[in-house]
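Letter by letter, the chains look like this.
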Amino acid sequence: PVVVRADVSLQRSLFTLAGEPLDLRVGYGTTFLSPRPLPYAQEAAPVFLVDASVSLRRSFIEVTVDATNLLDARYADTEYSFVSSWQTSAIPSALPARHLSAGPPLAVLGSVTLFL
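Residues numbered from 1 in each chain as written. Predicted model: local features only at pLDDT ≥ 70, side-chain atom pairs only at ≥ 80, totals over all residues. Heavy atoms only, no water.

A. Seen up close, the overall build of the protein. Within the protein one finds zero helices and nine strands. Counted from the first residue to the last, the protein has its helices and strands arranged as β-β-β-β-β-β-β-β-β. The C-alpha radius of gyration of the protein comes to 22 Å, more than 25% above the 13 Å expected for a compact globule of 116 residues. Overall, the protein is about 75 × 30 × 25 Å in size when its C-alpha atoms are taken along their principal axes. Counted over contacts in the protein with a minimum sequence separation of 6, partners at least 24 positions apart contribute 53%. A gap of 3 Å separates the mean positions of the 8 positive and 10 negative side-chain charges of the protein. (Helix = DSSP H or I, 4+ residues; strand = E, 2+ residues; numbered from the N terminus. Rg over C-alpha atoms; globule rule 2.2 N^0.38 Å. Contact = heavy atoms within 4.5 Å. Lys, Arg positive; Asp, Glu negative; His and termini not counted. Charge placed at Lys NZ, Arg CZ, Asp CG, Glu CD.)

So, in structure tokens, the structure goes:
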């Protein structure tokens, strides 16, 4: 299995406002997880995720918006394949089943930072 992560950011002073520079910072990140091997000759599906952020800073205050899983990809964060019995029938199955924990959905977070 292969994991690839790439991040790019740009920081630039936009203009001066009341004698103080207004700085812009933009960031973009991508993650790729290749198919991961599972028991019983199975594979987990590949995953492609996109994250982004933007912030404005003037003097001692910065306002930031971060977005993770920007494409709202539905994926298994952790995936297993094993025989399990949840007592849904009188005779338990001997066949392996997939069990997973879902990856986090699209999240948009805002923050304000004070530099003292």
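The structure having been displayed, the exposition proceeds.
B. The packing of aromatic side chains, seen in detail. All told, the structure shown has zero aromatic pairs when counted by the stated rule. Residue placement shows R57 over the ring face of F115; its charged tip is 3.6 Å from the ring centre. (Phe/Tyr/Trp six-rings, centres within 6.5 Å; stacked < 30°, edge-to-face > 60°. Lys NZ or Arg CZ within 6 Å of the ring centre and 35° of its normal.)

C. Quick peek at the pairing of strand β6 (residues 61–68). Of the strand pairs in this sheet, strand β5 (residues 47–58) and β6 are connected by seven bridges, and their pairing is antiparallel. Within β6, the position partnered with R57 by the bridge is E62. Counting the residues between successive antiparallel strands, the hairpin from β5 to β6 contains two residues, one of them, S59, with a positive phi of roughly 60°. (Pairing = 2+ DSSP bridges.)

D. The arrangement of the sheet that holds β5 in detail. Strand order across the open sheet formed by five strands is β1-β2-β5-β6-β9, with antiparallel pairing between neighbours. A single partner strand is all that each edge strand has here, and the edge strands are β1 (3–17) and β9 (107–114). Taking each pair of neighbouring strands and ignoring which way they run, the sheet shows an average axis angle of 10°. Two strands pair when backbone bridges link them, and strand β2 (residues 20–33) and β5 are joined in this way by 12 bridges, in the antiparallel orientation. Counted as the bridge partner of R25 is S55 from β5. (Axes fitted to C-alpha atoms, helices over the stretch in contact; angles between N-to-C directions.)

E. Focus on unusual backbone geometry. The phi torsion at A18 lies on the positive side, around 55°, for a residue other than glycine. Exposure remark for A18: the relative accessible area of 71% places this residue in the exposed category. (Buried < 20%, exposed > 50% of the residue type's maximum accessible area, 1.4 Å probe, protein only.)

F. Here's a closer look at the pattern of salt bridges. Summed over the entire model, instances satisfying the criterion amount to five salt bridges. Residue R5 is joined to D7 by a salt bridge in which the shortest nitrogen-to-oxygen separation is 2.9 Å. When its relative accessible area of 52% is taken as the criterion, D7 is described as exposed. Residue R74 is joined to D72 by a salt bridge in which the shortest nitrogen-to-oxygen separation is 3.5 Å. Linked by salt bridges that have partners in common, R5, D7 and D51 make up one network. (Salt bridge = Lys/Arg side-chain N within 4 Å of Asp/Glu carboxyl O.)

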